[in-house]
Amino acid sequence: MEQSDREFGQCPVCGHGHIIKTNRDYVCTNRLNPSSEHGGCRFSIPLHTHGIDVTDGMIRQLIRNGCTEYTEMCDQKGFPYQGRFIINPGKGKGYDIETETRPIDAVCPNCGGQIIQTRFGYACVNHLSVNSLCNFIIPNFICNRYITVEEAEAFCNGNGDILDAFLNKQGKWFSAYLTMTENGNVELSSIIGKCPVCGQDVLVGPTAFNCSNYRHGCDFKIWRHYYGHKVNLQDAKELLGHGKLKMPFEAFDKLGHVHALTLKVGLHNEIQVTSYK
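Attention here is on the structure that accompanies the text.

Scoring rules and cut-offs
Residues numbered from 1 in each chain as written. Predicted model: local features only at pLDDT ≥ 70, side-chain atom pairs only at ≥ 80, totals over all residues. Heavy atoms only, no water. Helix = DSSP H or I, 4+ residues; strand = E, 2+ residues; numbered from the N terminus. Rg over C-alpha atoms; globule rule 2.2 N^0.38 Å. Buried < 20%, exposed > 50% of the residue type's maximum accessible area, 1.4 Å probe, protein only. Contact = heavy atoms within 4.5 Å. Areas by Shrake-Rupley, 256 points an atom, 1.4 Å probe, with all protein chains shown as cover. Lys, Arg positive; Asp, Glu negative; His and termini not counted. Charge placed at Lys NZ, Arg CZ, Asp CG, Glu CD. Pairing = 2+ DSSP bridges. Axes fitted to C-alpha atoms, helices over the stretch in contact; angles between N-to-C directions. 1 Å grid on protein atoms, 1.4 Å probe; cavity = no way out; pocket = protein on both sides within 12 Å on 5 of 7 lines; lining within 4 Å. Points joined across faces, edges and corners; volume = space filled by probe spheres on them. Nonpolar A, V, L, I, M, F, W, Y, C, P; charged D, E, K, R; others polar.

Moving on: the overall build of the protein. A count of helices and strands for the protein gives five helices and 27 strands. Against the globule reference of 19 Å for 277 residues, the protein gives a C-alpha radius of gyration of 29 Å, more extended than a compact globule. Across its three principal directions, the C-alpha atoms of the protein cover 95 × 40 × 35 Å. Each of the 277 residues in the protein was classed as buried or not, and the buried ones make up 35%. Considering only contacts within the protein whose residues lie at least 6 apart along the sequence, 29% involve residues at least 24 apart. When the accessible surface of the protein is split by element, carbon and sulfur atoms take 49% of a total near 16,400 Å². Each charge class in the protein was averaged separately, 27 positive and 28 negative side chains, and the resulting centres sit 6 Å apart.

Structure representation (structure tokens):
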């Protein structure tokens, strides 16, 4: 291989040496000759690093643009991520790895920062800085269930709803919703409100919102579906807090006719379906 084929251009770190390819790395000639006038340059990229084979094209792009395109890399544990090489003269070998951030359509409910998707969940961009200013993050895997981007966006934007198919340590499936504690941590809760019959907690279940005191005889419940309408988290809280829904919902009879209906708590604490007037 001729020398001209092995040289890729002027070093972007020291500005004096040239980048050449050896049998183990792409390196600045001034790194190989530390006793020269401009010796001591640190630039060196192994031929294989971060789970990828570094190509001549990537090196030319790095020298020309100061960065490469994003590509799939791997960390030390083998987990894949999207990353790219960028020139960073202050870094050990003159370059750094910049990971791709993917924002979602949501802002942090704590500080208003952009929410981005990470390997571990959906985090406030201010949570990822060196001097973290915010601790907000929604784990993307909770109780054996993946939290989708749409569910994270809904929660951050104040439209969180009931989520099903969580699995507890006893191997039992349960339903819950995301909530935020006083210290800003995101966790699950199944408590919707207080039972109008006995005053105990009402919990969300797979098919209904049930009083937690059911083992002692309280049979209060709100079904999760009425006439084709899904009772969401806001509906259930309105029924328990105000005794009725504020707005009607579209319902369907057995012939497909559309009706404007509402729900309310009756005199005997039963859930009534009535026409909206």
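Where helix α3 (residues 56-65) is concerned, the buried positions are M58, I59, Q61, L62 and I63. Just past α3, the residue G66 takes up positive phi, approximately 85 degrees.

Right, let's get into the sheet that holds strand β8 (residues 80-87). Strand order across the open sheet formed by three strands is β7-β8-β9, with antiparallel pairing between neighbours. At either margin of the open sheet sits one strand with a lone partner, and together these are β7 (71-74) and β9 (95-99). Direction aside, the axes of adjacent strands within the sheet are offset by 55 degrees on average. In terms of strand pairing, β7 meets β8 through four bridges, oriented antiparallel. Its bridge partner being in β8, M73 is matched across the sheet by Y81.

So, about the layout of surface pockets. Of the voids in this model, the largest pocket is the one considered here, and its volume is about 660 Å³. For the largest pocket, the lining is made up of 19 residues, of which Y81, E100, Q117, T118 and R119 are closest to its centre. Of all the secondary-structure elements, those providing two or more residues to the lining of the largest pocket are β8, β9 and β11 (114-117). Sorting elements by how many residues they give to the lining of the largest pocket places β8 first, with three residues. Of the residues in the lining of the largest pocket, the class split is eight nonpolar, seven polar and four charged. Around the second largest pocket sit 15 residues that line it, and W173, F174, L203, V204 and Y214 are the ones nearest its centre. Residue assignment for the lining of the second largest pocket shows that the elements contributing at least two residues are β17 (173-180), β20 (201-204) and β21 (208-211). Among the residues forming the lining of the second largest pocket, the class breakdown is seven nonpolar, six polar and two charged.

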